[in-house]
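Structure assessment
Chain by chain, the residues run as shown.
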Amino acid sequence: MDPLLYLGGLVVLFLLWIKVKGLEYVIIHQRWIFVCLFLLPLSVLFDVYYYLRAWIIFKMCSAPKQHDQRVRDIQRQVREWKKDGKNKKYMCTGRPGWLTVSLRVGKYKKTHKNIMINMMDILEVDTKRQVVRVEPLANMGQVTALLNSIGWTLPVLPELDDLTVGGLVMGTGIESSSHIYGLFQHICVAFELVLADGSLVRCTEKENSDLFYAVPWSCGTLGFLVAAEIRIIPARKWVKLRYEPVRGLDAICKRFAEESANKENQFVEGLQYSRDEAVIMTGTMTDHAEPDKTNCIGYYYKPWFFRHVEGFLKQNCVAVEYIPLRHYYHRHTRSIFWELQDIIPFGNNPLFRYVFGWMVPPKISLLKLTQGETIRKLYEQHHVVQDMLVPMKHIKTSILRFHEDIHVYPLWLCPFVLPNQPGMVHPKGDEDELYVDIGAYGEPKVKHFEARSSTRQLEKFVRDVHGFQMLYADVYMERQEFWEMFDGTLYHKLREQLDCKDAFPEVFDKICKSARH
């Protein structure tokens, strides 16, 4: 039995005990007590287990052989489902919904045929071809720890440690280097999938190309991902990061667009603290650092990154720091961007950081597992977690729309180039186009906020400017509206060709609000 599932079972039993003992009030109204006393230590155990497991398997070079066995086991399960007359059930992965980074849990796990996929290893690093081959449940923390130790990195390395390759392929992923390389899907060179008939297929830009372009954003509704090959590039020791405070919305939009279009910047990111105040950060990798300007921001006792950045805004000064590469990649991990301040309000206090900071952050999966129905409803109505991807030319009107509809700050601004390629997401015209991801995470400060109506307003605006909504978040669109936002031409063609309609639900039926709780 997977130790992770065993620990999860212990948490569930503990929650039942809490209900019996009448201590549910603590979890709802004083959640930080429960998080600090139970979830933080449990999160550390999870991390230690996965780190040791990944290190041992890679050193023993046993992953490739085990991988082939695991693929055959998945094929066996799919063929048994087919042999049983398909049981009038769709298939889905057997991974528990609470283990995903998405804040919601899919209801479909209880009604679909669960196919067990226990694949979390790095299979091969090929420095000659400059690719790494990984299984779908390998996560970003695991990948960066290995690649950086041998002098390589991913061109696009999404922020949070627990994001998995499978989630980033079947959904999407972005990072501050995306203005050069695009989204996570655009650095992938091959996918291996088990299809609805149990066959194993490899797809690339040239081999089974329709499937290759249709897989991203499909959320596991075309087949089961069993491996991915991803581009890698040489890594450097440091990121030279420049912080530039900017005031005035016009100036913010102009400066951000300029820096995003400058390919000499390897990293571009903006944190917007109010409608008219932001800090724009640009960075490049380097092997040399000025000793008096180094800042190892990933150490547990360091201030949360977004608070550190805010300091430059308050001082109104341009500054340069040299940050270790891996620390930079996971700069927002310890505070889960800025979400942790709502769970542990004093989490950035120096005393807390020095005493408990080494255990931070709690696993998002454990936060979901222990939130209970009351907290879930409170969060749904009084909390926003959304990433909207809009063309850069509409950045000003988009920020104003966020300001008027939800008024959540900071806002995360991350540019990316969207190539003109087939699939569910592409520019409206015939050429590549620069977009920006506007991320809003926190409690809305407008009195008129209502989760459904306010989000639907945002969704309509994004559709009107030919933008896209990240599908990990709450989606309130109707089916017709969803397919107005996304291009389903290739997706539906592949669903028909690969006999997916009886095997997997349509992507909308997996991500719509009624499918999650």
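Scroll up a little and you will see the structure.
The residue numbers shown here count from 1 along each chain, following its written sequence. For this predicted model, a pLDDT threshold of at least 70 governs which residues receive local features, and a threshold of 80 or more governs which side-chain atom pairs are given and counted, while totals over whole chains, interfaces and linings are taken from all residues. Calculation of side-chain values draws on the structure's entire complement of heavy atoms; hydrogens and water are dropped beforehand.

Side note on the overall build of the chain
Only DSSP runs of H or I with at least four residues qualify as helices, and only runs of E with at least two residues qualify as strands; both kinds are numbered from the N terminus onward. Looking only at helices and strands, one finds 20 helices and 17 strands in the chain. Over its C-alpha trace the chain gives a radius of gyration of 22 Å, about what one expects of a compact globule, namely 24 Å for 517 residues. Principal-axis analysis of the C-alpha atoms places the extent of the chain at approximately 65 × 60 × 50 Å. Partly exposed residues are those whose accessible area sits between 20% and 50% of the maximum for their type, while under 20% is buried and over 50% is exposed, using a 1.4 Å probe and protein chains only. Considering the chain as a whole, with its 517 residues, one finds that 59% of them fall into the buried category. As defined in this context, the radius of gyration uses C-alpha atoms, and a globule is described by 2.2 Å times the residue total to the power 0.38.

Thoughts on the pattern of salt bridges
Criterion for a salt bridge: a side-chain nitrogen of Lys or Arg within 4 Å of a carboxyl oxygen of Asp or Glu. Within this structure, the stated rule accounts for 35 salt bridges. Residue Lys-363 is joined to Asp-47 by a salt bridge in which the shortest nitrogen-to-oxygen separation is 2.5 Å. Remark: Asp-47 occurs in helix H3 (residues 31–60) and Lys-363 occurs in the loop between helix H13 (350–356) and helix H14 (364–370); sequence separation between them is 316 residues. Since its relative accessible area comes to 39%, Asp-47 is described here as partly exposed. For Lys-293, the salt bridge identified is with Glu-290, shortest N-O distance 3.6 Å. What makes Lys-293 partly exposed here is its relative accessible area of 31%.

Observations concerning the pairing of strand S4 (residues 131–134)
Burial along S4 is two-sided: the residues Val-131 and Arg-133 and Val-132 and Val-134 are all buried. Two strands pair under a simple rule: DSSP has to find at least two bridges between them. Summarising the sheet, strand S3 (residues 122–126) and S4 pair through four bridges and their orientation is antiparallel. Note on S4: the bridge partner recorded for Asp-126 is Val-131. The turn joining S3 and S4, which pair antiparallel and follow one another in sequence, is formed by four residues; a positive phi near 60 degrees is taken by Gln-130.

Thoughts on the environment of Pro-361
Summarising the element assignment, Pro-361 is placed in the loop between H13 and H14. When the C-alpha atoms of Pro-361 and Arg-334 are compared, they prove to be 5.0 Å apart, with 27 residues separating the residues in sequence. In what follows, residue pairs with any heavy atoms lying within 4.5 Å of each other are defined as contacts. Residues contacting Pro-361, with those up to four places away along its chain left out, are Leu-40, Ser-43, Thr-333, Arg-334 and Ile-336.

Topic: helix H9 (residues 249–261)
The span expected for a helix works out to 1.5 Å for each residue beyond the first. Between the first and last C-alpha of H9 there are 18 Å, a value that for 13 residues agrees with the 18 Å anticipated at 1.5 Å per step. For H9, the full list of buried residues reads Leu-249, Ile-252, Cys-253, Phe-256, Glu-259 and Ser-260. One face of H9 carries all of its buried residues, which in axial projection span an arc of 140 degrees. Residues of H9 that are exposed and point over 90 degrees away from its buried face: Asp-250, Lys-254 and Ala-261. The arc under discussion is defined with respect to the helix axis, by the directions toward the C-beta atoms.

Remarks on the pairing of strand S10 (residues 238–247)
Along any regular strand, the residues point their side chains to alternate faces of the sheet. Of all 10 residues in S10, seven are buried, a share of seventy percent or more. Relative to strand S12 (residues 277–286), S10 runs antiparallel, the two sharing 10 bridges. Each bridged residue has a counterpart across the sheet, and for Pro-245 the counterpart in S12 is Val-279. Examined bridge by bridge, S10 and strand S13 (residues 319–324) share six bridges and lie antiparallel to one another. Bridge pairing links Leu-241 to Glu-321 in S13.

Description of the nonpolar core
Throughout, nonpolar core names a set of buried Ala, Val, Leu, Ile, Met, Phe, Trp, Tyr and Cys residues whose side chains join them through atoms within 4.5 Å. Within the largest apolar cluster, 155 residues are counted, with the highest numbers of intra-cluster contacts made by Leu-154, Phe-191, Ile-230, Tyr-243, Phe-482 and Phe-486. Examining the composition of this core, we find that seven residues originate from one element, H3, more than from any other. Leaving out residues up to four positions away in the same chain, Phe-482 has contacts with Met-424, Leu-471, Met-477, Val-507, Phe-508 and Ile-511.

What about the packing of H9 against helix H16 (residues 395–405)?
Here H9 crosses H16 at 130 degrees, and the two axes come no closer than 10 Å. Here H16 runs oblique to H9, going by the angle between their axes. In the packing of H9 onto H16, the handedness of the crossing is right-handed. Between H9 and H16, the residues in contact are Leu-249, Asp-250, Cys-253 and Phe-256 and Ile-395, Lys-396, Ile-399 and Leu-400, respectively. Charged means Asp, Glu, Lys or Arg here, nonpolar means Ala, Val, Leu, Ile, Met, Phe, Trp, Tyr, Cys or Pro, and polar covers whatever is left, Gly included. Here the contact of H9 with H16 is built from residues that sort into six nonpolar, no polar and two charged. Orientation is described by axes fitted as lines to C-alpha atoms, over the contacting stretch for helices, and by angles from 0 to 180 degrees between their N-to-C directions. Reported orientations rely on four angle classes, namely roughly parallel under 35 degrees, roughly antiparallel over 145, roughly perpendicular from 65 to 115, and oblique for the rest. It is the rotation of the near helix from the far one that decides the hand of a crossing: anticlockwise by less than a right angle makes it left-handed, clockwise makes it right-handed.

A few points about helix H19 (residues 489–497)
Among all positions in H19, only Leu-490, Tyr-491, Leu-494 and Arg-495 are buried. Along the long axis of H19, the arc covered by the buried residues comes to 140 degrees, so they all point the same way. Facing away from the buried surface of H19 by more than 90 degrees, the exposed residues are Thr-489, Glu-496 and Gln-497. Where H19 is buried, its residues contact helix H8 (209–214), helix H18 (479–485) and helix H20 (507–511). The positive-phi residue at the C-terminal boundary of H19 is Asp-499, with phi of around 55 degrees.

Quick word on the sheet that holds S4
Spatial ordering of the open sheet is given by S3-S4-S8-S6-S7, a layout of five strands whose pairing is antiparallel. Every interior strand has two partners, whereas the edge strands, S3 and strand S7 (200–203), have only one. Averaged over all neighbouring strand pairs, the angle between strand axes comes to 15 degrees, with direction disregarded. Bridging between strand S6 (residues 188–194) and S7 involves four bridges; their strand directions are antiparallel. From the neighbouring strand, Glu-192 faces S7, where its bridge partner is Arg-202.

Here we look at the sheet that holds S13
The strand order S13-S10-S12-S11-S15-S16-S14-S17 describes an open sheet built from eight strands, whose pairing is antiparallel. The open sheet has two edge strands, S13 and strand S17 (468–469), and neither has a second partner. Where strand S11 (residues 267–274) and S12 come together, seven bridges link them in antiparallel fashion. The residue of S12 that forms the bridge with Gly-270 is Ile-280. Lying over the sheet, helix H10 (residues 305–315) contacts S10, S11, S12 and S13, oriented at roughly 55 degrees with respect to S10.

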